[in-house]
Amino acid sequence: MRAMKRIRVVDSHTGGEPTRIVLAGGPDLGGGPMATRLERFRTSFDSIRSAVVNEPRGSDALVGGLFCESEHPACVGGVIFFNNIGYLGMCGHGTIGLVATLAYLGRITAGTYGIETPPGRVSARLHEDGRVTIRNVPSYRLAAGVTVKAPGLGRVTGDVAWGGNWFFLVHEHDQELRFDRLEQLTDFTWRIRQALRANGITGAGGKEIDHIELFGPPTTPGADGKNFVLCPGKAYDRSPCGTGTSAKLACLFADGKLRPGQIWRQESIVGSVFEGSVTVEGGEIYPEITGSAFVNGEADLILDERDPFCYGIHGL
């Protein structure tokens, strides 16, 4: 029994996309900004990341979040998000899931709270009806109409944009965005990601574009568009993707197709919907994303050193 470690988690889903928040038993990352703590996590405790989200306890679709104390008095806490292959910057669906988790635990009630993330502080408003609105980090389009030749696909054109993670957003394509075409959509977007990497097309500062987002007409009444998002570990996002919707809103605003305060309803590949809008302050675009999350489990994860897969079956 001395070789066993317990990690306390609460699971939820936001628009179908799962989140697992680590509340106790995770690594001690010390103080400082969340970006600094993320690097400590990556360099010294990456096995814990794998243990929490990878099989046999997790899955490729699961996003984990380590809830931390924040040094900012205006913040209820901080969070570091991670998935099957590494670490994320901001995570919209995960932040909504975190707020729903804190409400479930009785740590917060309806109101507005600051949350510290590696890319910067965000705010989250818990509504009386349980919905959550997050005000994301400033988002923007870095480049429009970028064309890349993808293997087996030919030339594909899209926009490079930041919404808390780096995205390549593709509007012109021949793919039908249907749930029964997940394999084809995954293959299509994975080829685009490989082509971006091979051709040295990156986000600002040479950062890898690790999210690929396709757009098409909506199928849910009242929605304005539908997307398919390929996440870094080659799993698709079940939700409309909070950071992806933020990147989309930044592009719409840059094209003059979205006014400040105007609502854009983004549908996911599974039919869930986020409502998004932007505010502009000091020349920067701040997306606001509203969605709902539901707690669906709480547990102690048991890490037994005798288990050959104690720290997960590693992904890509």
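First things first, this report covers the structure right here in the doc. (Residues numbered from 1 in each chain as written. Predicted model: local features only at pLDDT ≥ 70, side-chain atom pairs only at ≥ 80, totals over all residues. Heavy atoms only, no water.)

All right, on to the pairing of strand β4 (residues 75–82) then. For β4, the buried fraction is high: seven of the eight residues fall into the buried class. Looking at chain direction, strand β3 (residues 63–68) and β4 are connected through five bridges and run antiparallel. Among the inter-strand pairings, phenylalanine 67 is bridged to a residue of β4, identified as valine 79. Here β3 hands over to β4 after six residues, the two strands then running antiparallel side by side. Since β4 and strand β5 (residues 111–117) lie parallel, the crossover through helix α3 (residues 92–104) that links them has a hand, and here it is right-handed. (Buried < 20%, exposed > 50% of the residue type's maximum accessible area, 1.4 Å probe, protein only. Helix = DSSP H or I, 4+ residues; strand = E, 2+ residues; numbered from the N terminus. Pairing = 2+ DSSP bridges. Right-handed = clockwise from strand over helix to strand, strands pointing away.)

Turning next to the environment of cysteine 231. Tracing the sequence through the fold places cysteine 231 in the loop between β12 (225–230) and α5 (242–254). Residue cysteine 231 is classed as buried on the basis of its relative accessible area, which comes to 12%. Counting along the chain gives 61 residues from cysteine 231 to valine 170, while the straight-line C-alpha distance between them is 15 Å. Contacts of cysteine 231, omitting those with residues within four sequence positions, involve Arg193, Asp210, His211, Tyr236 and Asp237. (Contact = heavy atoms within 4.5 Å.)

We now examine the environment of aspartate 300. Checked against the element boundaries, aspartate 300 lands in strand β16 (residues 293–304). The exposure class assigned to aspartate 300 is partly exposed, which follows from its relative accessible area of 34%. A polar atom in the side chain of aspartate 300 sits 3.1 Å from the side chain of arginine 8. (Polar contact = N/O pair within 3.5 Å; in protein donor to acceptor, adjacent residues only side chain to side chain.)

Checked against the element boundaries, serine 272 lands in the loop between β13 (264–267) and β14 (273–281). Classification of serine 272 by relative accessible area gives buried; the value is 15%. Within polar-contact distance, the side chain of serine 272 engages the backbone oxygen of glycine 15 at 2.8 Å. Ignoring any residue separated from it by four or fewer positions in sequence, one finds serine 272 in contact with Gly15, Arg238, Ser239, Pro240, Gln266 and Glu267.

This part takes up unusual backbone geometry. Following glutamate 55, the chain continues into proline 56 via a peptide bond in cis, with omega recorded as 10°. In this fold, proline 56 is placed in the loop between α2 (46–53) and β3. One non-glycine residue, lysine 234, adopts positive backbone phi at about 75°. Of note, lysine 234 is situated in the loop between β12 and α5. We classify lysine 234 as partly exposed; its relative accessible area is 37%. Its identity is not glycine, yet cysteine 241 carries a phi of approximately 75°, on the positive side. Of note, cysteine 241 is situated in the loop between β12 and α5. Residue classification places cysteine 241 among the buried residues on the basis of a relative accessible area of 4%.

Here we come to the state of the cysteines. Taken as a whole, this structure holds zero disulfides when the rule is applied. Among the cysteines around cysteine 75, which has no disulfide bond, cysteine 68 carries the closest sulfur, lying 12 Å off. On the accessibility criterion, cysteine 75 (12% relative accessible area) is buried. As a non-bridged cysteine, cysteine 251 has cysteine 241 as the owner of its nearest cysteine sulfur, 13 Å distant. (Disulfide = S-S within 2.5 Å.)

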